[in-house]
Amino acid sequence: MFLNIENLHAQVEDKTILKGINLRVNPGEVHAIMGPNGSGKSTLSSVLAGREDYEVNAGEIRFLDHDLLEMDADERAQQGVFLAFQYPVEIPGVSNKLFMHTALNAKRAAEGLPALDMFDFEQLALEKMKRLEMSPIMLERSVNVGFSGGEKKRNDIFQMAMLEPKLCIMDETDSGLDIDALRIVANGVNALRSNERSFIVVTHYQRLLDHIKPDFVHVLYDGKIIKSGGFELAQELEERGYDHLIQAYEKV
Amino acid sequence: MQTTQYEEINDILAKNQHYKEGFHTQTLVETFAKGLNEDVVKAISAKKNEPQWMLDFRLKAFRHWQTMPEPHWAKAEYEPIDYQDYSYYSAPECGSCATDGQAESGSAVDPEVAKAFAALGVPIDDSDANIAVDAIFDSVSVSTTKRDQLEKLGIIFCSFSEAVQDHPELVQRYLGSVVPYHDNFFAALNSAVASDGTFVFIPEGVRCPIDLSTYFRINEAKTGQFERTILIAEKGSYISYIEGCSAPIRDTYQLHAAVVEVIVHEDAEVKYSTVQNWYPGDEDCQGGILNFVTKRGVCEGRNAKLSWTQAETGSAITWKYPSCILKGDNSIGEFYSVALTNRRQQADTGTKMIHIGKNTRSTIISKGLSAGKSDNTYRGLVKILPGAEGARNFTQCDSMLIGNQCGAHTFPYIEVQNPTAQVEHEATTSRIGEDQLFYCQQRGISEQDAISMIVNGFCKEVFKELPLEFAQEAEELLAISLEGSVG
Ligand SMILES: Nc1ncnc2c1ncn2[C@@H]1O[C@H](COP(=O)(O)OP(=O)(O)O)[C@@H](O)[C@H]1O
Ligand SMILES: [Mg+2]
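For every chain, the first residue of its written sequence is number 1, and the numbers climb from 1 along that sequence. Just so you know, chain letters begin at A and ligand numbers begin at 1, following the order they were written in. It should be noted that, the model being predicted, local features are given only for residues of pLDDT at least 70 and side-chain atom pairs only at 80 or more, the latter also being counted only at that level, while totals for whole chains, interfaces and linings use all residues. Hydrogens and water are ignored here; the side-chain numbers use all heavy atoms of the structure.

Focus on the overall build of chain A
Link 1 in the chain: The helix and strand inventory of chain A stands at nine helices and twelve strands.
Link 2 in the chain: Atoms considered for the radius of gyration are the C-alpha atoms alone. The globule rule reads 2.2 Å times the number of residues to the power 0.38. Taking 18 Å as the expected radius of gyration for a compact globule of 252 residues, we find that chain A reaches 18 Å, a close match to that expectation.
Link 3 in the chain: Reported as C-alpha extents along the three principal axes, the dimensions of chain A are approximately 60 × 40 × 35 Å.
Link 4 in the chain: Three exposure classes are used, based on accessible area relative to the maximum for each residue type with a 1.4 Å probe and protein chains only: buried under 20%, partly exposed in between, and exposed over 50%. For chain A, with 252 residues in total, the buried portion stands at 54%.
Link 5 in the chain: Excluding contacts between residues fewer than 6 apart, the proportion of contacts in chain A whose partners are at least 24 apart in sequence is 67%.
Link 6 in the chain: Surface accessibility follows the Shrake-Rupley procedure with a 1.4 Å probe radius. Residue values consider only the protein chains on display as shielding. Within the structure as shown, chain A displays about 11,200 Å² of accessible surface, and the carbon and sulfur contribution to it stands at 46%. The way it works is that DSSP assigns letters per residue, a run of H or I at least four long becomes a helix, a run of E at least two long becomes a strand, and they are numbered from the N terminus. Should any heavy atoms of two residues lie within 4.5 Å, those residues are considered in contact.

Structural notes on the overall build of chain B
Link 1 in the chain: If you tally the helices and strands in chain B, you get eleven helices and 24 strands.
Link 2 in the chain: When contacts within chain B are restricted to residue pairs at least 6 apart in sequence, those whose partners lie at least 24 apart make up 83%.
Link 3 in the chain: For chain B, the accessible surface area stands at approximately 17,400 Å², while carbon and sulfur atoms represent 48% of it.

Quick look at the nonpolar core
Link 1 in the chain: Buried residues of nine kinds, namely Ala, Val, Leu, Ile, Met, Phe, Trp, Tyr and Cys, make up a nonpolar core once their side-chain atoms join them within 4.5 Å. In this structure, Leu3 and Phe99 of chain A together with Leu369 of chain B are the most contacted members of the largest nonpolar core, which totals 110 residues.
Link 2 in the chain: A total of nine residues in this core trace back to one element, the largest contributor, which is helix α10 (residues 447–463) of chain B.
Link 3 in the chain: Excluding its chain neighbours within four sequence positions, the residues that come into contact with Leu3 of chain A are Leu23, Arg24, Val25, Leu48, Ile61, Arg62, Phe63, Leu167 and Ile200 of chain A.

Describing the sheet that holds strand β5 (residues 66–67) of chain A
All names here are of chain A.
Link 1 in the chain: The criterion for strand pairing is that DSSP finds at least two bridges linking the strands in question. Across the sheet, four strands lie side by side as β2-β1-β4-β5; this open sheet has antiparallel pairing. Strands with a single pairing partner mark the edges of an open sheet, and in this sheet they are β2 (15–25) and β5.
Link 2 in the chain: When strand β4 (residues 55–63) meets β5, the two strands line up antiparallel, connected through two bridges. The residue of β5 that forms the bridge with Phe63 is His66.
Link 3 in the chain: Its contacts with the sheet put helix α1 (residues 41–49) on β1 (3–12), β2 and β4, and the angle it makes with β1 is roughly 110 degrees. With axes taken as lines fitted to C-alpha atoms, and helix axes fitted only over the stretch in contact, angles between N-to-C directions fall between 0 and 180 degrees.

What about the interface of chain A and chain B?
One frequent convention defines the size of an interface as the accessible area lost when the parts assemble.
Link 1 in the chain: Contacts between the two partners involve 32 residues from chain A and, on the opposite side, 18 residues from chain B.
Link 2 in the chain: Once two parts are put together, the accessible area they lose, assessed with a 1.4 Å probe and summed over both, is termed the buried area. Carbon and sulfur atoms make up 61% of the surface buried where chain A meets chain B, a total of about 2,200 Å² over both sides.
Link 3 in the chain: Put simply, Arg51 of chain A and Asp435 of chain B hold a salt bridge, and the shortest N to O gap is 2.5 Å.
Link 4 in the chain: Polar contacts, as counted here, are pairs of nitrogen or oxygen atoms within 3.5 Å of one another; within protein the pair requires one atom able to donate a hydrogen and one able to accept it, and residues that are adjacent in sequence qualify only if both atoms are side-chain atoms. At the boundary of chain A with chain B, the tally comes to twelve residue pairs in polar contact (both at pLDDT 80 or more).
Link 5 in the chain: Every element with two or more residues in the side of chain A that touches chain B is listed here: α1, α2 (73–78), β6 (81–84), β7 (91–95), α3 (96–110) and α5 (149–163) of chain A.
Link 6 in the chain: A total of five residues in the side of chain A that touches chain B trace back to one element, the largest contributor, which is α3 of chain A.
Link 7 in the chain: Residues belonging to the side of chain A that touches chain B are distributed by class as follows: 19 nonpolar, seven polar and six charged. Salt-bridge detection follows one rule: a side-chain nitrogen of Lys or Arg within 4 Å of a carboxyl oxygen of Asp or Glu. Under the scheme applied here, ten amino acids are nonpolar (Ala, Val, Leu, Ile, Met, Phe, Trp, Tyr, Cys and Pro), four are charged (Asp, Glu, Lys and Arg), and all others, including Gly, are polar.

Side note on the site of ligand 1
All names here are of chain A.
Link 1 in the chain: A molecule or strand has a residue near it when one of that residue's heavy atoms lies within 4 Å. In the vicinity of ligand 1, the residues found are Val12, Lys15, Ile17, Pro36, Asn37, Gly38, Ser39, Gly40, Lys41, Ser42, Thr43 and Tyr54.
Link 2 in the chain: Lys15 places a polar side-chain atom, nitrogen or oxygen, 2.8 Å from an oxygen atom of ligand 1.
Link 3 in the chain: Within the side chain of Thr43, an N or O atom sits 2.5 Å from an oxygen atom of ligand 1.
Link 4 in the chain: Against a free-state accessible area of 560 Å², the protein chains account for coverage of 66% of ligand 1.
Link 5 in the chain: Secondary-structure elements contributing two or more residues to the shell around ligand 1 are β2 and α1.
Link 6 in the chain: Of the residues forming the shell around ligand 1, the biggest block, three residues, is contributed by α1.
Link 7 in the chain: Among the residues making up the shell around ligand 1, the classes are represented as four nonpolar, six polar and two charged.

Quick notes on the packing of α3 of chain A against α5 of chain A
Residue and element names in this part refer to chain A.
Link 1 in the chain: In the contact formed by α3 and α5, the axes pass within 10 Å of each other and the chain directions differ by 35 degrees. Between α3 and α5 lies a crossing of right-handed hand. Where α3 abuts α5, its residues Asn96, Phe99, Met100, Ala103, Leu104 and Lys107 lie against Asn155, Phe158, Gln159, Met162 and Leu163.
Link 2 in the chain: For the contact of α3 with α5, a count of residues per class yields seven nonpolar, three polar and one charged. Should the near helix be turned anticlockwise from the far one by less than a right angle, the crossing is termed left-handed; should it be turned clockwise, right-handed.

Concerning the sheet that holds strand β9 (residues 167–171) of chain A
Residues and elements named next belong to chain A.
Link 1 in the chain: Strand order in this open sheet of six strands is β6-β9-β10-β3-β11-β12, and the pairing throughout is mixed. Two strands close off the open sheet at either side, each with one partner strand: β6 and β12 (224–229). Neighbour to neighbour, the strand axes of the sheet diverge by 20 degrees on average, direction disregarded.
Link 2 in the chain: Of the strand pairs in this sheet, β9 and strand β10 (residues 198–202) are connected by five bridges, and their pairing is parallel. The partner of Asp171 across the bridge, within β10, is Val202.

Observations regarding the packing of helix α9 (residues 434–442) of chain B against α10 of chain B
All names here are of chain B.
Link 1 in the chain: Interaxial distance between α9 and α10 falls to 9 Å at its minimum, and their mutual angle equals 120 degrees. Compared by their axis directions, α9 and α10 come out oblique. The two elements α9 and α10 meet at a crossing, and its hand is right-handed. Across the interface between the two elements, Gln436, Leu437, Cys440 and Gln441 of α9 pack against Glu447, Ala450, Ile451, Met453 and Ile454 of α10. The labels follow the angle: roughly parallel below 35 degrees, roughly antiparallel above 145, roughly perpendicular from 65 to 115, and oblique for the rest.

With respect to the pairing of strand β15 (residues 317–320) of chain B
Put simply, side chains in a regular strand alternate between the two faces of the sheet.
Residues and elements named next belong to chain B.
Link 1 in the chain: A two-sided burial pattern is seen for β15, the buried positions comprising Ile317 and Trp319 on one face and Thr318 and Lys320 on the other.
Link 2 in the chain: Note that strand β13 (residues 288–299) and β15 share four bridges and pair parallel. Its bridge partner lying in β15, Asn291 is registered against Thr318.
Link 3 in the chain: Bridge count for β15 against strand β18 (residues 346–349) is four bridges, and the pairing is parallel. Residue Ile317 lies in a different strand from β18, and its bridge partner there is Gln346.

Brief notes about helix α4 (residues 111–119) of chain B
All names here are of chain B.
Link 1 in the chain: Within α4, the full set of buried residues consists of Val113, Ala116 and Phe117. Along the long axis of α4, the arc covered by the buried residues comes to 95 degrees, so they all point the same way. Counted as exposed and oriented over 90 degrees from the buried face of α4: Pro111, Lys115, Ala118 and Ala119.
Link 2 in the chain: Just downstream of α4 lies Gly121, where phi reads positive at about 75 degrees. Directions are taken from the helix axis to each C-beta atom, and the arc is the one they span.

Notes on the coordination of the magnesium ion (ligand 2)
Reference geometry at the metal: tetrahedral coordination by four donors gives ideal angles of 109.5 degrees; octahedral coordination by six donors gives 90 or 180 degrees.
All names here are of chain A.
Link 1 in the chain: Only N, O and S atoms count as donors, using a 2.8 Å cut-off from the metal and 3.2 Å for Na, K and Ca, and because water is excluded some sites may appear unfinished. On the protein side, the magnesium ion (ligand 2) has Ser42 (OG) and Gln86 (OE1) as donor atoms, found 2.0 to 2.3 Å from it. Of the two residues, Ser42 is situated in helix α1 and Gln86 in the loop between β6 and β7; the sequence distance between them amounts to 44 residues.
Link 2 in the chain: We classify Gln86 as buried; its relative accessible area is 17%.

Observations regarding the confidence of the model for chain B
Low-pLDDT stretches of the model should not have their predicted coordinates read in fine detail.
All names here are of chain B.
Link 1 in the chain: For every residue, the predictor assigns a confidence score, pLDDT, that lies between 0 and 100. Mean pLDDT over chain B stands at 83; residues scoring 70 or higher make up 85%.
Link 2 in the chain: In the model, residues 1–17 has pLDDT below 50 throughout and makes 41 contacts with residues more than four positions away in sequence or in other chains.
Link 3 in the chain: Long-range and interchain partners of residues 95–107, a stretch whose pLDDT sits below 50, account for 26 contacts in this model, where long-range means more than four residues apart.
Link 4 in the chain: Interface scoring of the predicted complex returns ipTM 0.96; its pTM is 0.78.

Let's talk about the packing of aromatic side chains
How two aromatic rings sit relative to each other is given by the distance of their centres and the angle of their planes.
Residues and elements named next belong to chain B.
Link 1 in the chain: For Phe, Tyr and Trp, rings pair up if their centres lie within 6.5 Å, where Trp contributes its six-membered ring, and each pair is then called stacked (planes under 30 degrees apart), edge-to-face (over 60) or tilted (otherwise). For the structure shown, the criterion picks out 19 aromatic pairs over all chains.
Link 2 in the chain: Aromatic pair Tyr83 and Phe185: ring centres 5.7 Å apart, planes at 65 degrees, arrangement edge-to-face. Linking Tyr83 in the loop between α3 (52–66) and β2 (90–92) with Phe185 in helix α8 (residues 185–193), this pair joins segments that are 102 residues apart in sequence.
Link 3 in the chain: By relative accessible area, Tyr83 is classed as buried at 8%.
Link 4 in the chain: Residue class for Phe185 comes out buried when judged on its relative accessible area of 6%.
Link 5 in the chain: With a centroid separation of 5.9 Å and an interplanar angle of 85 degrees, the aromatic rings of Phe292 and Trp319 are classed as edge-to-face. Linking Phe292 in strand β13 with Trp319 in strand β15, this pair joins segments that are 27 residues apart in sequence.
Link 6 in the chain: A relative accessible area of 1% places Phe292 in the buried class.
Link 7 in the chain: We classify Trp319 as buried; its relative accessible area is 5%.
Link 8 in the chain: Members of the aromatic cluster, each reached through a chain of ring pairs, are Phe62, Trp65, Tyr83, Phe185, Phe186, Phe292, Trp319 and Tyr321.

Following this line, the structure appears as C-alpha cells:
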C-alpha cells in the first residue's frame, strides 16, 4: 500500500470542510485533483502534509507503513511527503542555501545518512537549479523574499527536486505562471517522475495536465470526490466546466 | 473552545530548563549584613583600603542618591526595590583574592571559584587563550590574566580596585567624567557602593593585539553587584573589549547596577561588546537579575570611533542605553543590539547618540525579539546639537514577535538643532508565523530548528559585529533561550 485515504473528515474552527474523502494512490501514479474554489483542495493538501490548524475528526490515512495522522509535519516530510504550496512563504534573513541545506540534512539524518557538507550541497543545488533555469544567486537570497510569483513556485519545485520525496503534492503550482515558466515547471516535474514516486496535482487548468499527463483525474466538490476518471475527464471539464457535474451530484 | 495557533509555540517557550549557567558555588565567603547606610559605604571603602578621595566620592554620591526617587519611567515595570534587603559586599574569603595583594596567576584563586569559571568556559588560568580575562566573582575581581604581556605594551588591564591603588591619577581624572555620580538614580547608587570592575588604559598608538574581557559572575543570594568599568583609549590606539556575565538560578531578584565609562581620544577606536546572559527568572516571574546599567562613552578627539555591540538574552528586567557623545569632529558612534526577551522578561534598551562635533556620524541597528509573555522596548535618542554641522545618523529598528502574548515597542526620539544634519529612521515589526514554521517543518526541519534559524537570520546583521567566538556564543544563547524543551 502506498497511499490510502479512507473516509477522511476534517474541520477548521467548527467548519467541516472535508466530508469523507476516499483516495488510493499507487507508486508511480499521477492523480490530478480539480474542483471549484473553496471545495477543499488546499485543505486536503494541508491535512496530508500535517498542518495543525485542521482537525481530523474521522477517517484514516495510511502512507507506506505509517499511520500518517500520527506523525508531525517534519516527520512526514522526512519520510517523503512533500507539499508544493499554493502560496510559498517568505522567510526574511534566512538564505535559500541555509534553508535547503538544513532541510536536506534533516532528511538525511532521518534516513541514517551522513550530513552533506556545504561544498557537496552547493554542487548538487546548482545542478538542480540549472535544470529549472534558476540563477545561482537565488541560493544566496532569503527564502522567497522579493521573489516574483513564478520564482516562488519554481523555488518550491527546486526544493522538491532536492529532497526527492516519495509523494509530491502540488497545490496550484501552475497558477500565476506564464507559458515559459509553466513549461519549465512541468519539465521539472516530469524529470522527477519514476515508478516509485507518486504525484497529487491540484489544478484548475488543463494546460499543466497537458504537460504532465495524469493517470487519474478527480473532481472535488464540497469536501467530497464527486467524480473520478482518466485524463479525458480533464478535457471534458475544460470544455464544459463543473456545473453539470455539480448539478448531477446534487440531484442524487 | 478556541485553540490559538500559538499555543504550542508558547508552550515550548515557557519552559526554562536550559539556563546552564544556573549552578551555585559553595565556598567560604565574607558577606556584609544586608542594609545600606553611610557606615556600609565606609566599610566597603575600608575593605578595599581606599584613599580618602575615593571615600569622599562614594559619600558624595551616597548623599545625593538618598535625595533621588527610584525611576519608573521605563516601559519595564518592577516593584519598588527594598534597598535595605540587599547585601552590598560579598567576596570569597581566601586571602589571595583580596584586593590589595591580587594573585598574578589563577593558581591562588579559591578552588571552588576557579571551578565555577572553568565550568563557565572562562579561561582564568592564563592558558593559551587568545584573550585576556578579568574575572569578577560577586564584589571582587579574583583573577586578571595576561597582565605581564600587556604591560610590555604599556597597556593597563586590572581590576578597578587595583587601579584606585596603583593609578590614582588616572582614576581621579576619569572617574565620573562621562557618567557623573548624580547622572541618574542607579549611577548614583553605583558611585556610592561600586564593588569592583575593570580598568583598561591603552597608551597612544598601541593596537591591543588580543581581545580584553571581563566576566561577571554573581553568586551569593540577595547580593548586589555594582561594577564600575573605565576604559581609556589614548590617541591612535585600538581595543576590542568584551563582557560576559551569568548568575545562579535564584528565586529572588538580584540587583545589578553597573556603570561603564569609555573615553576615546583622537583617532582611537574602541569596540565594546557585551554578551549578557544574566539569569532571566522563571516563567512565573520568580527571581532573575534586575539589570540597571549606565554605559556611556565619549569620543573626545577627531576621528574617534566607539562601537557598542550587545546581545542581551538574560535578566528579568534590563534597563540599559549604551550611549555615545560625539564631541570630536568626524567622530563615529555605533550601536548594534540584539535583545531577546522570553517568558516574563522585560527589556527597555536602546542608545543615545549625541552629536556635538562637525561631520559626526552614528549608526543604530537594533533587533528586538519578544517571545512568551515578555515585553521588549527600543528607546533611543538621536540628538544633533547646533554645532554639529553635517552630522548624520542612520537608525534601523526591527522587532520580531514570536507567539501572540508578547509585546514590542519602539520609542525613537529625534532632536535636530542643525539644519545640515541628515537623520534616517527605518523600523519594521514582523511575527514568526505559523505559516513560516509550517513551511520549514514541511521541508523536514524541526520546529525548534526552524525558530532558531529564523531568529538568527533576523539577527545576522548584528552578530557579524561581534568577535567570532562570541557571535557563535550569542547564536547558541538565542537558541537556548528560545528552547527549553529538547535534550
Ligand atoms: N483557516 C481557515 N479558517 C476558516 N475557514 C477556512 C480556513 N481554511 C479554509 N477555510 C475554508 O474552507 C473551505 C475550503 O478551502 P480550501 O481548502 O482552501 O479550498 P480550495 O483550495 O479548494 O479553494 C473554504 O470555504 C475556505 O474558506
Ligand atoms: Mg486552494
